[in-house]
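What follows is each chain in one-letter form.
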Amino acid sequence: TIVFWSLRRVMSSGSMVVPVVLWGKRAPTHSITCVLLTNDQNTIVTGSSDGQLCLWKLLGSTDRKRIVPKSLLFGHNSAVSVLTNATDSVETHVIVSASTSGQICSWSADDGACHSSTSSLRGCHTILEVFCSSRFGRREWKLICAGEYPEIYILDSETLEVQFL
């Protein structure tokens, strides 16, 4: 059984609708298009053909793991084509997803919150690779983004802004 409802929180600047999804003993069926294991190896992330992401918690001992559904994330209006970690750090639990319509989102793998989103890049993204650059002694995480188009983009992994084309 899947139950959908939203919680409305009134803030001084307006209101925010927070969708909440609950399910019974089994997660909703979705056609998985890509999969990612977070750097800490405690969460599996799956992207689906309907644009949803599912976070799955790995529980149990090393030799006897169980996979338990944790969160269902809504953010893409087309199939999720690729997933990556936003950094290579085990302390940072941020993932990045891209869809066939060109939308890119960054998410918390802890609570499922969407950190940032962009639809400025058109085309189906099929490759997202994270790398670290050092600038003025400060480490900055970047994403190489490529796909079914002739360009290669370098994005800031935190803001998803295009840094280089």
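Residues numbered from 1 in each chain as written. Predicted model: local features only at pLDDT ≥ 70, side-chain atom pairs only at ≥ 80, totals over all residues. Heavy atoms only, no water.

### A word on the nonpolar core
One finds Val 96, Ile 104, Leu 121, Leu 128, Cys 145, Tyr 153 and Leu 155 to be the most contacted residues of the largest nonpolar core, which totals 14 residues. The dominant element in this core, judged by the number of residues it contributes, is strand β8 (residues 94-99), at three residues. Contacts of Leu 155, omitting those with residues within four sequence positions, involve Ile 104, Leu 121, Trp 141, Lys 142, Leu 143, Cys 145, Leu 160, Glu 161, Val 162 and Gln 163. Formed by 12 residues, the second largest nonpolar core is a distinct cluster that contains Leu 73, Val 80, Ile 95 and Trp 107. (Core = buried A, V, L, I, M, F, W, Y, C linked by side-chain atoms within 4.5 Å. Buried < 20%, exposed > 50% of the residue type's maximum accessible area, 1.4 Å probe, protein only. Helix = DSSP H or I, 4+ residues; strand = E, 2+ residues; numbered from the N terminus. Contact = heavy atoms within 4.5 Å.)

### A word on the packing of aromatic side chains
According to the stated counting rule, one finds one aromatic pair in the structure shown. Aromatic side chains Tyr 149 and Tyr 153 sit 5.7 Å apart centroid to centroid with 55° between the ring planes, which places their arrangement in the tilted category. By relative accessible area, Tyr 149 is classed as buried at 13%. (Phe/Tyr/Trp six-rings, centres within 6.5 Å; stacked < 30°, edge-to-face > 60°.)

### Points about the sheet that holds strand β13 (residues 153-156)
One open sheet holds the four strands; their spatial order is β11-β12-β13-β14, and the pairing between them is antiparallel. The open sheet has two edge strands with one neighbour each: β11 (125-135) and β14 (162-164). Between one strand axis and the next, the sheet turns by 40° as a mean value, whatever way the strands run. Two elements, strand β12 (residues 138-147) and β13, share four bridges in a ladder whose sense is antiparallel. Pairing of Ile 144 across the sheet is with Ile 154, part of β13. (Pairing = 2+ DSSP bridges. Axes fitted to C-alpha atoms, helices over the stretch in contact; angles between N-to-C directions.)

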